[in-house]
Amino acid sequence: MRPFDYVEIRVPAKSQYVGVARLTISGLASRIGFTYDEIEDLKIASSEAITNAVQHAYSEVDEGEVVIGCALYPDKIEIMVADHGKSFNFEETKTKVGPYHDQQEVQFLREGGLGLYLIETLMDEVKVHHQEGVTVFMTKYVGEEQVEENVETITS
Amino acid sequence: MNIQVVIKEEENLVKAFISGEIDAFTAPMLREKLATVQQKENLQTELEMSDVSYMDSTGLGVIVAFYKHVNANNGHVKLTGLSTRLKRLFDITGLGEIMDIETDDKGGNK
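I will try to describe carefully the structure that is included in this document. None of these values were measured; they are calculated from a predicted model.

1. Considerations on the sheet that holds strand S5 (residues 134–141) of chain A
Residues and elements named next belong to chain A.
Here's step 1: Ordered by their spatial adjacency, five strands build an open sheet running S1-S2-S3-S5-S4, and the pairing between neighbours is antiparallel. Two strands lie at the open edges of the sheet, namely strand S1 (5–12) and strand S4 (125–130), each paired on one side alone. Each strand of the sheet is rotated relative to its neighbour by a mean of 15 degrees, with strand direction disregarded.
Here's step 2: The pairing of strand S3 (residues 76–82) with S5 spans seven bridges and is classified as antiparallel.

2. Things to note about the interface of chain A and chain B
Here's step 1: Taken residue by residue, the interface counts 20 residues in chain A and 18 residues in chain B.
Here's step 2: Summed over both partners, the interface of chain A with chain B buries about 1500 Å², with 59% contributed by carbon and sulfur atoms.
Here's step 3: Looking only at chain A, the three residues that lose the most surface to chain B are A:Arg22, A:Ile44 and A:Leu114, adding up to 29% of its buried area.
Here's step 4: Along the contact surface separating chain A from chain B lie five salt bridges.
Here's step 5: Across the pair A:Asp41 and B:Arg88 runs a salt bridge whose closest N-O atoms are separated by 2.7 Å.
Here's step 6: In this structure, the connection of chain A to chain B is made through nine residue pairs in polar contact (both at pLDDT 80 or more).
Here's step 7: When residues of the side of chain A that touches chain B are traced back to their parent elements, those giving at least two are helix H1 (18–32), helix H2 (36–60) and helix H5 (115–122) of chain A.
Here's step 8: Top contributing element to the side of chain A that touches chain B by residue count: H2(A), with nine residues.
Here's step 9: The residue makeup of the side of chain A that touches chain B, split by class, is seven nonpolar, seven polar and six charged.

3. Some points on the sheet that holds strand S4 (residues 76–82) of chain B
All names here are of chain B.
Here's step 1: One open sheet holds the five strands; their spatial order is S1-S2-S3-S4-S5, and the pairing between them is mixed. Strand pairing shows two members of the sheet lacking a second neighbour, strand S1 (3–10) and strand S5 (100–103), which therefore form its edges. Pairwise comparison of adjacent strand axes, ignoring direction, gives a mean angle of 15 degrees for this sheet.
Here's step 2: Relative to strand S3 (residues 44–55), strand S2 (residues 13–22) is paired through nine bridges, and the arrangement is parallel. Bridge assignment links Ala 16 to a residue of S3, and that residue is Leu 47.
Here's step 3: Sitting on the sheet, helix H1 (residues 27–35) touches S1, S2 and S3, and the angle it makes with S1 is about 10 degrees.

4. Remarks on the packing of H1(B) against helix H2 (residues 57–72) of chain B
Residues and elements named next belong to chain B.
Here's step 1: Relative orientation of the contacting elements H1 and H2 amounts to 15 degrees, with a least axis distance of 9 Å. Here H1 is positioned roughly parallel relative to H2, judged by the angle of their axes. Where H1 crosses over H2, the two elements pack in a sense that is right-handed. Mapping the contact onto sequence places Ala 27, Leu 30, Arg 31 and Leu 34 in H1 and Thr 58, Gly 59, Val 62, Ala 65 and Phe 66 in H2.

5. Quick look at the environment of B:Leu79
All names here are of chain B.
Here's step 1: As for its position among the elements, Leu 79 is in strand S4.
Here's step 2: Note on Leu 79: relative accessible area 0%, which makes it buried.
Here's step 3: Sequence separation of Leu 79 and Glu 46 is 33 residues, and the distance between their C-alpha atoms is 5.8 Å.
Here's step 4: Apart from the residues lying within four places of it in its own chain, the contact partners of Leu 79 are Leu 47, Met 49, Ile 63, Phe 90, Met 99, Asp 100, Ile 101 and Glu 102.

6. Here's the deal with the pattern of salt bridges
A side chain with one charge may pair with a side chain of the opposite charge, provided their charged atoms come close.
Here's step 1: In this structure the tally under the stated criterion is 13 salt bridges over all chains.
Here's step 2: Where A:Arg10 meets A:Glu8, a salt bridge forms, and the shortest distance between an N and an O atom there is 3.8 Å.
Here's step 3: Note on A:Arg10: relative accessible area 35%, which makes it partly exposed.
Here's step 4: As a salt-bridge pair, A:Glu65 and A:Arg10 come within 2.8 Å of each other at their nearest N and O atoms. Taken together, the residues span a long stretch of sequence, with A:Glu65 in strand S2 (residues 65–72) and A:Arg10 in strand S1 at a distance of 55 residues.
Here's step 5: Ionic contacts of the salt-bridge type, sharing partners, join the residues A:Asp37, A:Asp41, A:Lys140, B:Arg85 and B:Arg88 into one network.

The rules we used
Numbering of residues starts from 1 in every chain and runs along the sequence as written. Chain A is the first chain written and ligand 1 is the first ligand written, with later ones labelled in order. Whole-chain, interface and lining totals are the exception, using all residues; otherwise, since this is a predicted model, local features are given only for residues with pLDDT of at least 70 and side-chain atom pairs are given and counted only at 80 or more. To obtain the side-chain values, all non-hydrogen atoms of the structure were used and water was disregarded. Pairing between strands is defined by DSSP: at least two bridges between them are needed. The secondary structure listing takes helices from DSSP runs of H or I that are at least 4 residues long and strands from runs of E that are at least 2 residues long, numbered from the N terminus. Angles run from 0 to 180 degrees between N-to-C directions of axes, and those axes are lines fitted to C-alpha atoms, restricted for helices to the stretch in contact. Only heavy atoms matter for contacts: two residues are in contact if any of them lie within 4.5 Å across the pair. Here the quantity called buried area is the total loss of accessible area, with a 1.4 Å probe, experienced by two parts when brought into contact, counted for both. Put simply, a salt bridge is a Lys or Arg side-chain nitrogen that is within 4 Å of an Asp or Glu carboxyl oxygen. What qualifies as a polar contact is a pair of N or O atoms within 3.5 Å, subject to a donor-acceptor requirement within protein and to the restriction that residues adjacent in sequence count only when both atoms come from side chains. Any residue outside Ala, Val, Leu, Ile, Met, Phe, Trp, Tyr, Cys, Pro, Asp, Glu, Lys and Arg is labelled polar, Gly included; the first ten of those are nonpolar and the last four are charged. For this classification, under 35 degrees means roughly parallel, over 145 means roughly antiparallel, 65 to 115 means roughly perpendicular, and everything else is oblique. Note on convention: the crossing is left-handed when the near helix lies turned anticlockwise from the far helix by less than a right angle, right-handed when the turn is clockwise. Throughout this description, buried means an accessible area under 20% of the type-specific maximum (1.4 Å probe, protein chains only), exposed means over 50%, and partly exposed covers the range between.

See below:
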């Protein structure tokens, strides 16, 4: 059995579906137990990635699709956003994504200005894979902020 | 998911009441609405945002463009009624230091 629940959202590469995907991700995140603020962060970060994908897919073909894969763990959520409509294997693609140290790789993301910066700031880990389109892979852990703020953990 | 923009012009003060969600879909509508504001010297503007429930970089882009436009004519843009969430978005992008922002803490709630 997989150690996580997997939910895939596939939407036309049109901006009116960014909000639909955002709402879905918000619902998934609340199931895992993210706080209100963490869910708001996730909504912005995933919207940024999906917006980029929508805009990118548009320039490539007339009617593209954006695929959003969400892996739900007890303590974290992994979100993968791909701007090519082909179905992807979440685990396989995950092994391919790497850090985005290559400036060239994310040039399109930088074009939009603050999008990637917000993703970096609001998520705990971000990776970008550039092959057959662009895939953004991002992770957020439950309660990461509380740990940083040094709140004492209560164990039962 | 929707946005509403109501613009009220009185002499040298233009007030835009924005409500709803600002994202890739609705940002162009906000941009269009703000483009109808007659630009003139020393124009004082206020964007009232207490009913904005969601915003991301697409909204920041529209507001920054409006800000630049107004400032180029020696005018002023003031953002009012921002929730702590919205204020945070301006702060983490560094825009909070540049722009005139009032948060929505009149009622004593955060």
